[in-house]
Amino acid sequence: MRLYSLLAAAKINLYLEIVGSRPDGFHELIMVMQSVSLADRVTVRSIGVDQIRVQCDHPLVPADPSNLAYRAAALLVEKFPGVMAKLGGVEITLEKQIPVGAGLAGGSGNAAAVLVGLDLLWQLGLTQRELQELGAELGSDVPFCISGGTAIATGRGEQLDPLQGSDALYVVLAKYESELVSTPWAYQTYRAEFGATYRADVREFEVRRSQVRAGAMVSALAHHNSAAIGQHLANDLEKVVLPAHPKTAELKAVMTNLGGLGTLMSGSGPTVFTLVDTAAEAEAIAQQLKAKIPDPDLGVWIAQFVPTGVQLTP
Ligand code: C5P
């Protein structure tokens with residue numbers, strides 16, 4: 001086989017807590033991550049020259065070595081020297097559906113799909129765990145994007161404990177195309193504002209992890225209680241991103257008032273999502289939202305919880 005086509009699912013954070021500061025300069029996090037059906041298509045194809053090429057139809061995604069998908073391929077070449085001489089180079093094609101700079105791990109998902117696709121194309125025989133360890137070198141969300149589903153992510157976000165998935169809830173996602181949030185900016189701003197309250201001791205990190213594992217969100221997921229999932233949505237990064245992005249803050253207020261089980265900003269934003277039980281409710285909320293904010297700059301999507309991150313397709 002000289003070509004593999006994969007779907008890379010977006011993720012939302014049902015819960016994101018910043019616990020403290022880590023010796024490596026990153027933040028210690030406790031997150032509940034959920035894959036959703038909004039997905040990019042990633043194709044890896046053998047080419048006769050020893051090169052990594054990236055093609056992408058999106059104006060904001062660089063088709064060069066700075067692209068995380070390119071870096072995923074370069075990392076495999078570095079770890080397995082000679083693989084391109086033996087099996088050819090690769091052309092990576094990214095067909096974007098997931099909005100960029102949105103807090104939905106679109107870039108991380110593309111890198112995850114490249115790792116899974118190249119493991120097959122270059123016959124590396126890596127396990128999912130090995131792929132996730134490589135993924136962690138590229139970005140904190142890449143390991144989750146490989147396995148996907150529902151999971152608690154701790155450490156930098158790369159330590160995963162799968163959770164029993166909830167029902168396949170629906171989600172209405174909305175984002176102003178012109179609003180972009182830089183993840184480093186969001187974390188740096190949070191540190192500047194709330195750094196004094198950070199826990200620094202690893203034993204305190206463990207105490208907090210145990211509390212969240214035994215807490216309301218994990219229990220709501222285990223009991224398939226969608227109302228409780230909606231009620232316990234939480235994201236610390238809202239505290240810095242929403243004040244700096246009043247349009248997104250207003251979007252969240254409008255979406256909250258449309259009903260649904262709960263509304264939250266995902267990751268470092270600025271995508272805001274509302275959870276609902278059924279496709280019909282999702283459709284109704286999406287229509288009401290477009291009527292309340294008839295701005296062509298506002299993108300609105302409907303997706304459903306899915307149990308996988310990267311999926312190989314025919
Ligand atoms: O790992 P990733 O490349 O996604 O992280 C992007 C940026 O987000 C990091 O450079 C850092 O500024 C911030 N970050 C953090 N703590 C984490 C994850 C990300 O401070 N656990």
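Residues numbered from 1 in each chain as written. Predicted model: local features only at pLDDT ≥ 70, side-chain atom pairs only at ≥ 80, totals over all residues. Heavy atoms only, no water.

1. Thoughts on the site of the ligand
Around the ligand, a shell composed of Phe26, His27, Leu29, Gly139, Ser140, Arg156, Thr183, Pro184 and Tyr187 is seen. Within the side chain of His27, a nitrogen or oxygen atom sits 2.7 Å from an oxygen atom of the ligand. A distance of 2.5 Å separates an oxygen atom of the ligand from a polar atom in the side chain of Ser140. Taken by itself the ligand offers 450 Å² of open surface, and the protein chains cover 75% of this. Those elements giving two or more residues to the shell around the ligand turn out to be strand E2 (27-47) and helix H6 (183-194). With 3 residues, the single largest contributor to the shell around the ligand is H6. (Near = heavy atom within 4 Å. Polar contact = N/O pair within 3.5 Å; in protein donor to acceptor, adjacent residues only side chain to side chain. Areas by Shrake-Rupley, 256 points an atom, 1.4 Å probe, with all protein chains shown as cover. Helix = DSSP H or I, 4+ residues; strand = E, 2+ residues; numbered from the N terminus.)

2. Some words on the nonpolar core
Counting residues in hydrophobic clusters, the biggest one holds 40 residues, and the most contacted among them are Val90, Ile92, Leu118 and Trp122. Core analysis: the next-biggest nonpolar cluster, separate from the first, contains 30 residues, Ala102, Ile229, Phe273 and Leu275 among them. (Core = buried A, V, L, I, M, F, W, Y, C linked by side-chain atoms within 4.5 Å. Buried < 20%, exposed > 50% of the residue type's maximum accessible area, 1.4 Å probe, protein only.)

3. Brief notes about the domain arrangement of the chain
By a widely used convention, the size of an interface equals the accessible area lost when the partners come together. The domain boundaries assigned to the chain delineate domain 1 (3-165) and domain 2 (170-304). Contact with domain 1, which involves 37 residues of that partner, is made by 40 residues of domain 2. Between domain 1 and domain 2 lies a buried interface of about 3200 Å² when both sides are counted; carbon and sulfur atoms form 62% of it. Where domain 1 packs against domain 2, one counts 3 salt bridges. Across the pair Glu28 and Arg209 runs a salt bridge, and its minimum N-O distance is 2.8 Å. At the junction of domain 1 and domain 2, the tally comes to 18 residue pairs in polar contact (both at pLDDT 80 or more). Of all the secondary-structure elements, those providing two or more residues to the side of domain 1 that touches domain 2 are strand E1 (3-21), E2 and strand E5 (150-155). The biggest single contributor to the side of domain 1 that touches domain 2 is E1, with 11 residues. (Domains from an automatic or database assignment. Contact = heavy atoms within 4.5 Å. Buried area = accessible area lost by both parts, 1.4 Å probe. Salt bridge = Lys/Arg side-chain N within 4 Å of Asp/Glu carboxyl O.)

4. So, the sheet that holds strand E9 (residues 262-265)
Spatially, the 4 strands line up as an open sheet ordered E9-E10-E7-E11, and their pairing is antiparallel. Each edge of the open sheet is held by one strand with a lone partner, namely E9 and strand E11 (298-304). Here the average twist between neighbouring strands, direction ignored, is 20 degrees. Direction of pairing for E9 relative to strand E10 (residues 272-276): antiparallel, over a ladder of 4 bridges. Directly across from Gly262, in E10, lies its bridge partner Leu275. Docked against the sheet, helix H11 (residues 246-256) engages strand E7 (170-176), E9, E10 and E11, running at close to 150 degrees with respect to E7. (Pairing = 2+ DSSP bridges. Axes fitted to C-alpha atoms, helices over the stretch in contact; angles between N-to-C directions.)

5. Let's talk about helix H7 (residues 202-213)
Each full turn of the α-helix corresponds to 3.6 residues, which orients residues three or four apart in the same direction. The end-to-end C-alpha separation of H7 is 17 Å, in line with the 16 Å expected for 12 residues at 1.5 Å each. What H7 keeps buried is the set Phe205, Arg208, Arg209 and Val212. What you see down the axis of H7 is that its buried residues fit within an arc of 105 degrees, all on one side. Tucked into the core, H7 has its buried residues touching E1, E2, E5 and helix H8 (216-222). (Expected span 1.5 Å × (residues − 1). Arc of directions from axis to C-beta.)

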